[in-house]
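Below, each chain spelled out in residue letters.
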Amino acid sequence: MNIEELREHLCATHPDLCPLFSTEFGDGVLGVERGELHDAASDLRDLGFDRLGMVTAVDRGETFELVYRLQSRSMSAGMFLKCEVPRSEPRVRSLTDLWPAADWQERETYDLFGIEFEGHPDLRRILLPPEWEGHPLRKDYTDDRIVPRPDFI
Amino acid sequence: MAEGGAAVAIVDGLGKALERIPGGGVILTSLDAVLDWSRGHSLWAMPMGTACCAMELIAASFSKFDFDRHGTFPRPDPRHVDVMVVAGTVTRKMAPAIKRLYEQMAEPKWVVAMGNCAVSGGIFYYDSYSVVRGVDEFLPVDVYIAGCPPRPEALQDAILRLREKVATESISEGRRYERRLLLPTPATRHDQETPAAASAAGERDGGEGEVA
């Protein structure tokens, strides 16, 4: 199934998600509001996206862009599910009940970006030591031990 | 630190007893030579491969480079080995585990820092929140190998240089166990020993804790 077929399929089965669909780098991208993330993800899973490949986030300054990478083995299609999370209140409903694979991936996103996933069964740090303060992949993260790169390099 | 089992206790007692009798120094020197020769020719290595350098470390054991001919075998057990080869990037989360493995090794023991990451943090020296800038922050390193990654021949050279170091060791009291870090290093998060305590330990063994 190519992108256009995926778009048609999505528009036929879920008209409410159709306007949110776009393409980027040859993959489908579905951008949804924070409150609708879980419902949209649930619809996509019912549509046949049975595999969650990856969860990550991007620091856009005022907001974080939360990215879920979905794949469908039956349709041989991949899709990004994106959602903006405000930096002032980095909180979103967890998708672990839809794809168990989200468990560690969301923990990693929590660890490095500080986005909290409501309903996650075990939300604690996974890569950094538990006593670590701060979330290092945020662009405003600072640390006494970081040696800044000199200008001449 | 002075835990080495019954054999080390016997050697220790022997050293103390022989030093007191006239001419004991001669016997002690001969014992040193025998012990150093046997130690130097069977430096069993703990392959602490944490990143890409581990590939070169593994290649060194294969038939093309054949580490076994030096008597250097990889043994994945801290209680079987004499030398720990730290090959790769060490993160702050991993450092306590490596230090624990080092402490489980029986004395006498040596450390080889293989590759730029283990020597100084390598390409992660700048702008990194998680990488330890050199394993000498928490381990006393005997031989440094530069390179990213160094070739297996460099590791062989390091083992030969370590053998030269081992050849100057003595079973006399106070040389073997009291070892201080080669470099003055800041205390890390996981290292309870302060720089002041480290320098005090250096003075305690007369400033020559490390073999020359």
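A. View of the overall build of chain B. Of the regular secondary structure elements, chain B holds seven helices and four strands. Starting at the N terminus and walking to the C terminus, you meet the elements of chain B as α-α-β-α-β-α-β-α-β-α-α. Here chain B, with 212 residues, has 45% of them falling under the buried criterion. When contacts within chain B are restricted to residue pairs at least 6 apart in sequence, those whose partners lie at least 24 apart make up 79%. Accessible surface, chain B: about 10500 Å² in total, of which carbon and sulfur atoms supply 60%.

B. The interface of chain A and chain B, seen in detail. On the chain B side, the residues contacting the 18 residues of chain A number 12 residues. Taken together, both faces of the contact between chain A and chain B bury some 1300 Å²; the carbon and sulfur share is 56%. It is Arg-145, Val-147 and Arg-149 of chain A that lose the most area in chain A upon contact with chain B, and together they represent 39% of the buried surface on that side. For the interface between chain A and chain B, the tally reads one salt bridge.

C. The arrangement of helix α6 (residues 152–166) of chain B in detail. All names here are of chain B. If you check α6, its first and last C-alpha atoms are 21 Å apart, about what 15 residues at 1.5 Å a residue would give, namely 21 Å. Buried within α6 we find Pro-152, Leu-155, Gln-156, Ala-158, Ile-159, Leu-162, Arg-163, Lys-165 and Val-166. One side of α6 holds all its buried residues, which, seen down the axis, span an arc of 165°.

D. Spatial organisation of unusual backbone geometry. All names here are of chain B. Residue Pro-149 follows Cys-148 across a cis peptide bond; omega there is -10°. By the secondary structure assignment, Pro-149 is in the loop between β4 (143–145) and α6. The backbone of Asp-66 shows a phi angle near 55°, a positive value even though the residue is not glycine. Of note, Asp-66 is situated in the loop between α3 (53–61) and β2 (83–87). Under the relative-accessibility criterion, Asp-66 is labelled partly exposed at 30%. Backbone geometry at Asp-127 places phi at a positive 60°, although glycine is not the residue there.

E. Expanded view of the confidence of the model for chain B. Scored by pLDDT, chain B comes out at a mean of 78, with 75% of its residues at no less than 70. Interface confidence for the predicted complex, given as ipTM, is 0.70, next to a pTM of 0.72.

F. Up close: the nonpolar core. Judged by nonpolar contacts, the single largest core of 39 residues is most densely connected at Leu-30, Leu-37, Leu-44, Phe-49, Leu-66, Tyr-68 and Leu-81 of chain A. Listing elements by their share of this core, those giving two or more residues are α1 (3–13), β2 (27–32), α2 (37–47), β3 (51–59), β4 (63–72), β5 (77–86) and α3 (102–113) of chain A. If we skip the residues at most four places from it in the chain, Leu-30 of chain A touches Leu-10, Leu-17, Leu-20, Phe-21, Leu-44, Met-79, Phe-80, Leu-81 and Lys-82 of chain A. The next biggest cluster of nonpolar side chains, apart from the first, holds 19 residues, and it includes Cys-53, Val-83, Ala-87 and Ala-158 of chain B.

G. Main features of the state of the cysteines. Taken as a whole and assessed by the stated rule, the structure comprises zero disulfides over all chains. No disulfide involves Cys-52 of chain B; its sulfur sits 5.7 Å from that of Cys-53 of chain B, the nearest cysteine.

H. Quick peek at the pattern of salt bridges. With the rule as written, the count across this model stands at 18 salt bridges over all chains. With its nearest N and O atoms 3.1 Å apart, the salt bridge here joins Asp-140 of chain A to Arg-87 of chain A. Taken together, the residues Asp-140 of chain A in the segment after β7 (116–118) and Arg-87 of chain A in the loop between β5 and β6 (91–93) connect sequence positions 53 residues apart. In this structure, Lys-165 of chain B engages Asp-142 of chain B in a salt bridge whose closest nitrogen and oxygen atoms are separated by 3.6 Å. Taken together, the positions of Lys-165 of chain B in helix α6 and Asp-142 of chain B in the loop between α5 (116–120) and β4 put the pair 23 residues apart, joining distant regions of the chain.

I. Layout of the sheet that holds β3 of chain A. All names here are of chain A. The sheet built from five strands is open, its strands ordered β1-β2-β5-β4-β3 with mixed pairing. Unpaired on one side and paired on the other, β1 (21–24) and β3 mark the two borders of the sheet. Direction aside, neighbouring strands of the sheet carry axes that sit 25° apart on average. Sheet topology note: the β4/β5 ladder contains 10 bridges and is antiparallel. Residue pairing in the sheet places Leu-66 in a bridge with Cys-83 of β5. Its contacts with the sheet place α2 against β2, β4 and β5, and it is angled at close to 175° to β5. Running at roughly 10° to β3, α3 makes contact with β3 and β4 of the sheet.

J. Structural detail: the sheet that holds β2 of chain B. All names here are of chain B. On the basis of which strands lie adjacent, the open sheet formed by four strands has the order β1-β2-β3-β4 and parallel pairing. On the outer flanks of this sheet lie β1 (45–49) and β4, each paired with one strand and no other. For this sheet the average axis-to-axis angle between neighbouring strands, irrespective of direction, equals 15°. Here strand β3 (residues 110–114) runs beside β4; their pairing, made up of three bridges, is parallel. By the bridge assignment, Val-112 is partnered in β4 with Val-143. Of the strands in this sheet, β2, β3 and β4 are in contact with α6, which crosses β3 at around 155°.

Calculation rules
- Residues numbered from 1 in each chain as written.
- Chains lettered and ligands numbered in written order.
- Predicted model: local features only at pLDDT ≥ 70, side-chain atom pairs only at ≥ 80, totals over all residues.
- Heavy atoms only, no water.
- Helix = DSSP H or I, 4+ residues; strand = E, 2+ residues; numbered from the N terminus.
- Buried < 20%, exposed > 50% of the residue type's maximum accessible area, 1.4 Å probe, protein only.
- Contact = heavy atoms within 4.5 Å.
- Areas by Shrake-Rupley, 256 points an atom, 1.4 Å probe, with all protein chains shown as cover.
- Buried area = accessible area lost by both parts, 1.4 Å probe.
- Salt bridge = Lys/Arg side-chain N within 4 Å of Asp/Glu carboxyl O.
- Expected span 1.5 Å × (residues − 1).
- Arc of directions from axis to C-beta.
- pLDDT = per-residue confidence, 0-100.
- Core = buried A, V, L, I, M, F, W, Y, C linked by side-chain atoms within 4.5 Å.
- Disulfide = S-S within 2.5 Å.
- Pairing = 2+ DSSP bridges.
- Axes fitted to C-alpha atoms, helices over the stretch in contact; angles between N-to-C directions.

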